[in-house]
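Survey of secondary and tertiary structure
Read off the chains here:
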Amino acid sequence: ASYHEFGKVVGNLEIAKGRLELAASANVGTVLISSAAANDVKIEVAEGANVGTVAPTTEAAKADVEASTTIPAEAKETKVITVNNDYAGGLGTERSPYLIANAEQFNKLNNLDWAKSYYVKQTEDITITTPVVKFAGVYDGDNNKLIYNYDSSDLGYAYIFKQIASYSEFKNMHIVMGRNAVALLKEADWGTAYGATFENISFS
């Protein structure tokens, strides 16, 4: 009836019923509560625990999240959220970025509504074969390798992101090129001149 977390959780920690305790040593990006009825889940977050977001996925869970007085205010999401299972975890927000662990998840960035901005974090070295057509938000490579072995291109080089749809940031990326040169970003959206920030980017 009780789950105690003392370490790091990569991905979402999900609970439907019982008691969840995050110890002071816990490091959890996203906790999803899916109670079927109010009071199905009890949440305790110890002082010192690192938690990104605690979010309800049902109306009953909303009450359980609101009832917990130990969840830090900045980590508490009181609106019912819909989980996007295209990624290894996360909600696409600054405190809970979408987690990218493989090429399939990277490619699914193309499915997002780029009228909005998203936060994305790469958690593993990955090899990609196709670019992202449009991006808006923050892409954090977390110092992992993004390998693009592109052998041919109409332009003589390949690009990882074709264009940005609003101001965007790219950081902590180590890009590994194959036979052809690889550009991180091909262009801004024509006519808009969106800005971009690049920080701690390397190519090899």
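Each remark here, short or long, concerns the structure printed above.
Residue numbers run consecutively from 1 along every chain, following the written order of its sequence. Local features are withheld for residues below a pLDDT of 70 in this predicted model, meaning they are given only at 70 or higher, and side-chain atom pairs are given and counted only at 80 or more; totals for whole chains, interfaces and linings count all residues. In computing side-chain properties, one takes all heavy atoms of the structure into account and sets aside hydrogens as well as water.

Before going further, it helps to spend a moment on the overall build of the protein chain. Working definition: helices are DSSP H or I runs of at least four residues, strands are E runs of at least two. Numbering for both runs from the N terminus. Helix and strand content of the protein chain: 2 helices and 15 strands. A principal-axis box enclosing the C-alpha atoms of the protein chain has dimensions of 60 × 35 × 25 Å. Burial classes: relative accessible area under 20% of the type maximum marks a residue as buried, over 50% as exposed, and values in between as partly exposed (1.4 Å probe, protein chains only). Put simply, the protein chain has 204 residues, and 42% of those count as buried. Two residues form a contact once any of their heavy atoms are found within 4.5 Å. A separation threshold of at least 6 residues defines the contact pool for the protein chain, and within that pool the share at least 24 residues apart is 48%.

Turning our eyes to something else, we now look at the sheet that holds strand E5 (residues 41-45). For two strands to count as paired, DSSP must find a minimum of two bridges between them. The 3 strands are arranged E1-E3-E5 in an open sheet whose pairing can be described as parallel. Bordering the open sheet on either side are strand E1 (2-5) and E5, each of which pairs with just one other strand. Strand-to-strand twist of the sheet, defined as the mean angle between neighbouring strand axes without regard to direction, takes the value 10°. Only C-alpha atoms enter the line fits that serve as axes; for helices the fit covers just the stretch in contact. Angles between N-to-C directions range over 0 to 180 degrees.

What follows is about the packing of aromatic side chains. Here a pair means two rings of Phe, Tyr or Trp (six-membered ring of Trp) with centres within 6.5 Å. Their orientation is stacked below 30 degrees between planes, edge-to-face above 60, and tilted elsewhere. Considering all chains together, one arrives at 12 aromatic pairs under this definition. Consider the rings of Phe135 and Phe161, whose centres lie 5.2 Å apart with planes at 55°: the pair is tilted. With Phe135 in strand E10 (residues 132-135) and Phe161 in strand E12 (residues 157-164), this pair connects stretches of sequence that are 26 residues apart. Accessibility assignment for this pair places Phe135 and Phe161 in one class, buried. Grouping aromatic residues by their ring pairs yields a cluster made of Tyr87, Tyr98, Phe106, Trp114, Tyr118, Phe135, Tyr139, Phe161, Phe170 and Phe198.

Close approach of charged atoms lets side chains of opposite charge pair. What makes a salt bridge here is a side-chain nitrogen of Lys or Arg within 4 Å of a carboxyl oxygen of Asp or Glu, nothing more. The full count for this structure, using the stated rule, is 3 salt bridges. For Glu21, the salt bridge identified is with Arg19, shortest N-O distance 2.7 Å. Given the relative accessible area of 31%, Arg19 is considered partly exposed. Taken together, the shared-partner salt bridges in this structure form one network comprising Asp86, Glu104 and Lys108.

To continue, consider the sheet that holds strand E6 (residues 50-56). The pairing of strands in a sheet happens through backbone hydrogen bonds and is either parallel or antiparallel. Spatial ordering of the open sheet is given by E2-E4-E6, a layout of 3 strands whose pairing is parallel. Of all the strands in the sheet, the pair left with one neighbour each is strand E2 (8-15) and E6. Averaged over neighbouring strand pairs, the angle between their axes works out to 15° when direction is ignored. With respect to the sheet, helix H1 (residues 59-67) is in contact with strand E4 (27-33) and E6, its orientation differing from that of E6 by roughly 140°.

So, to be careful, I would describe these as geometric facts and stop short of saying anything about function.
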